[in-house]
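Coordinates in review
Residues per chain, in single letters:
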Amino acid sequence: HTPVLLTSGLAGGSGSTVGPDRALYVTEPVAGEISRVDPSTGEVTLFASGLPTQNPAIGVGGAMDVAFIGRTAYALVTVVGPDVGGDSTVGIYRMDSSTSFTVIADIGAFALANPPSTDFFVPTGVQYAMQPYRGGFLVTDGHHNRVLRVTVDGEVSELIAFDNIVPTGLDTRFGRVFMSEAGPVPHLPEDGRIVAFRPRRPQPVEVAAGAPLLVDVEFGRGVDLFALSQGHFTEGNPEGSPADPDTGALVQVMRDGSMAVVADGLDRPTSVEIIRNTAYVITLDGEIWTIPNL
């Protein structure tokens, strides 16, 4: 499968979702914005602005992900608190208008009051993805190595904690949560795993493994399961650094638990959505690529 460029020029690319209108919505952490992207034409329109922006000295954080409950949009914002020299709230922001948001959950305060058992150096964590679940959200924290459950009323709790496995993307199906793991530095292929667990009794079971620095997991049609590998990580780079350019891949989970490459040569992908039989891959430098005929 050969990737095709749909659009470019976004102010950084991070999380994404398919909205209630079946369009793509993508966070732009450098600008503190969310854009709506027509999946057929690639036309980009500004959907929301005014979110805390990414600190350029850090290069990680800001608006990391976007999700809808009904027709209301929410943004996951991270690495913007006082612990890293910022002055904003780490948490989930509800979109009230195209230029205004309300913080509905202070994840940073929860993290400060409930530090993880694994090592960390960002006290408020580095949240990566959120997934709507039973009227609220599940949120991964790739730095604190856990999945949080967050209600729209602002209650934050720890659903499941892990060793140093770096949880990233989420999807839900069959009453289970499917989660991708980047694995610890240097993000070796055997540490790139997908696990599944039931939220009521979260005991993770390995579904597949074998691709480096997994950043997302997504169901296609039926039971087809795909994952996004950001690619090869150069040993010695700081923790939290992206993979090497043009080494990413979309992979498909096979029945034996292996991962087969669907498309490679992707440049530091961050998230993927699948609409019908086409994958839409968001990249760190603000491009969206399509991979058709899955």
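Attention in this report is confined to the structure presented alongside it. Since this is a predicted model, take the numbers as computed values, not measurements. All residue numbers refer to positions counted from 1 along the written sequence of the respective chain. In keeping with the model being predicted, local features are shown solely for residues with a pLDDT of at least 70 and side-chain atom pairs are shown and tallied solely at 80 or more, while totals for entire chains, interfaces and linings include all residues. The side-chain quantities take in all heavy atoms of the structure and omit both hydrogens and water.

Quick look at the nonpolar core
Membership of the largest hydrophobic core comes to 20 residues, with the highest contact counts inside it found for Leu213, Leu228, Leu250, Val272, Ala279, Val281 and Ile291. When contributions to this core are tallied by element, the ones reaching two or more residues are strand S10 (127-133), strand S19 (225-229), strand S21 (259-266), strand S22 (269-275) and strand S23 (278-283). It is S21 that provides the largest number of residues to this core, a total of three residues. Here, the term nonpolar core denotes a set of buried Ala, Val, Leu, Ile, Met, Phe, Trp, Tyr and Cys residues that are joined through side-chain atoms within 4.5 Å. Whether a residue is buried, partly exposed or exposed follows from its accessible area with a 1.4 Å probe, protein chains only, as a fraction of its type maximum: under 20%, in between, or over 50%, in that order. Helix and strand definitions follow DSSP, with helices as H or I runs of at least four residues and strands as E runs of at least two, each counted in order from the N terminus.

So, the pattern of salt bridges
Put simply, a salt bridge is a Lys or Arg side-chain nitrogen that is within 4 Å of an Asp or Glu carboxyl oxygen. Counted by the stated rule, this structure contains seven salt bridges. Between Arg146 and Glu158 there is a salt bridge, with the nearest N and O atoms lying 3.0 Å from each other. Here the residue Arg146 occupies a position in strand S12 (residues 146-150), and Glu158 occupies one in strand S13 (residues 156-161), the gap between them amounting to twelve residues. For Arg146, a relative accessible area of 2% puts it in the buried group.

Focus: the packing of aromatic side chains
For this analysis, a ring pair means two rings from Phe, Tyr or Trp (six-membered ring only for Trp) whose centres lie within 6.5 Å, classed as stacked if their planes differ by under 30 degrees, edge-to-face if by over 60, and tilted for the remaining angles. On inspection of all chains with the given rule, the structure shows six aromatic pairs. When the ring of Tyr25 is compared with that of Phe68, the centres are 5.0 Å apart and the planes differ by 70°; the resulting orientation is edge-to-face. You can see Tyr25 sitting in strand S3 (residues 24-28) and its partner Phe68 sitting in strand S6 (residues 62-69), a full 43 residues away along the chain. The two residues Tyr25 and Phe68 agree in class, both being buried. Among the aromatic residues, those joined into a cluster by ring pairs are Tyr25, Phe47 and Phe68.

What to know about the sheet that holds strand S16 (residues 193-198)
Adjacent strands of a sheet pair through backbone hydrogen bonds, lying either parallel or antiparallel. Strand pairing requires that DSSP identify at least two bridges connecting the strands. What the four strands build is an open sheet, ordered S14-S15-S16-S17; its pairing is antiparallel. Each having just a single partner strand, strand S14 (167-173) and strand S17 (201-209) make up the two edges of the open sheet. Along the sheet, successive strands turn relative to each other by an average axial angle of 25°, direction set aside. Looking at chain direction, S14 and strand S15 (residues 176-181) are connected through five bridges and run antiparallel. When the sheet's bridge partners are listed, Pro167 is paired in S15 with Glu181. Lines fitted to the C-alpha atoms define the axes, with helices restricted to the stretch that makes contact. Angles between their N-to-C directions range from 0 to 180 degrees.

With respect to the sheet that holds strand S8 (residues 91-97)
The antiparallel open sheet is built from four strands, whose spatial order is S6-S7-S8-S9. The open sheet is flanked by S6 and strand S9 (100-106), the only strands paired with a single partner. Averaged over all pairs of adjacent strands, the angle between strand axes in this sheet comes to 30°, irrespective of strand direction. As judged from the four bridges shared by strand S7 (residues 72-78) and S8, these two strands associate in the antiparallel manner. Along S8, the bridge assignment pairs Val77 with Gly91.

Side note on the pairing of strand S5 (residues 44-48)
Looking at chain direction, strand S4 (residues 33-37) and S5 are connected through four bridges and run antiparallel. Bridge pairing links Arg36 to Thr45 in S5. The hairpin turn running from S4 into S5, its antiparallel successor, is six residues long, and Gly42 in that turn takes a positive phi close to 80°.

Quick notes on the side chain of Asp65
By the element assignment, Asp65 lies in strand S6. Two residue types count as positive, namely Lys and Arg, and two as negative, namely Asp and Glu; His and chain ends fall outside the count. Buried within the structure, Asp65 lacks any salt-bridge partner; Arg22 is the closest side chain of opposite charge, at an N-O distance of 15 Å. Polar contacts, as counted here, are pairs of nitrogen or oxygen atoms within 3.5 Å of one another; within protein the pair requires one atom able to donate a hydrogen and one able to accept it, and residues that are adjacent in sequence qualify only if both atoms are side-chain atoms. Within the structure, the side chain of Asp65 is placed 2.9 Å from the backbone nitrogen of Met130, a separation counted as a polar contact. Two residues qualify as a contact provided that any one of their heavy atoms is within 4.5 Å of a heavy atom in the partner residue. Setting aside residues up to four positions removed in sequence, Asp65 forms contacts with Gly15, Ser16, Thr27, Tyr74, Ala75, Leu76, Tyr128, Ala129 and Met130.

Without other data, these values stay purely geometric and don't point to any function.
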